[in-house]
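# Inside the fold
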Amino acid sequence: MTEDTAPAGMPRLDRLDREECLRLISPGGVGRIAFNNPSGPVILPVNYTVEQGAVLFRTALGGPMDADLRTGVEGADFMVAFEVDQIDESTREGWSVLVRGGAHHVTGDVNTTVETWAGGERELYIRIAPVEISGRRIQRG
C-alpha cells in the first residue's frame, strides 16, 4: 500500500503541493513556530497571517523570541519551522502544513495586522520567508 492508495474505509495520506498548502494556511489563525535557542529546541504557538506567500507573526520587542531569532550577523537568517494543522477528531481526517525558512525581523511599516490572543505588547513583526512548503492530508477512502 502506498501513501496514495488505501483499501476502502482506510485512511489515505496525500501529499499537498505548495499552492494547496498556501491556500489552506492563508486564512491565518494559530500556528506553531519551532526553533533552537541556547537551551535547546523550542516550539511556541503564535497568531499569524500570510502575506505575499510569507508567514507573518508578532512578538514582544526585546522578548525571548526577539533575541532567540537573531543571528547577530547582518544578512544571515535564523532558520525556523512553522506548522499549521486542522484535524477533525470525530472523522479522523485533517491536514498539516510545514513551512521552513529564514526568520526576518521586519523593520518599517507592515501593511497588515496580526491579532494576538496572548496579551501584552506585541510590537515586533517577524516574517518567515519560505524556502520549503510541504503538507499532507489524511482522508478516509
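For the structure, see preceding data.
Residues numbered from 1 in each chain as written. Predicted model: local features only at pLDDT ≥ 70, side-chain atom pairs only at ≥ 80, totals over all residues. Heavy atoms only, no water.

Looking now at the pattern of salt bridges. Counted under the stated rule, the structure contains 8 salt bridges. Residues joined by salt bridges that share partners form a network here, namely E20, R23 and R137. (Salt bridge = Lys/Arg side-chain N within 4 Å of Asp/Glu carboxyl O.)

One finds I25, I33, F57, L69 and F82 to be the most contacted residues of the largest nonpolar core, which totals 27 residues. Counting residues per element, the ones that place at least two in this core are α1 (18-25), β2 (29-37), β3 (40-51), β4 (54-59), β5 (78-88), β6 (93-105) and β7 (124-140). Apart from the residues lying within four places of it in its own chain, the contact partners of I25 are Y48, V50, V55, V84, W95, V97 and V99. (Core = buried A, V, L, I, M, F, W, Y, C linked by side-chain atoms within 4.5 Å. Buried < 20%, exposed > 50% of the residue type's maximum accessible area, 1.4 Å probe, protein only. Helix = DSSP H or I, 4+ residues; strand = E, 2+ residues; numbered from the N terminus. Contact = heavy atoms within 4.5 Å.)

With that settled, consider the pairing of β7. Pairing between strand β1 (residues 11-16) and β7: 6 bridges, direction antiparallel. Bridge assignment links L13 to a residue of β7, and that residue is I138. Strand direction decides the pairing type here: β4 and β7, joined by 5 bridges, are antiparallel. Bridge pairing links R58 to Y125 in β7. (Pairing = 2+ DSSP bridges.)

To continue, consider the environment of V114. Within the secondary structure, V114 is located in the loop between β6 and β7. For V114, a relative accessible area of 2% corresponds to the buried category. It is 31 Å that separates the C-alpha atoms of V114 and Q139, two residues lying 25 residues apart in sequence. What V114 contacts, discounting residues up to four positions off in sequence, is N47, Y48, T49, L56, R58 and Y125.

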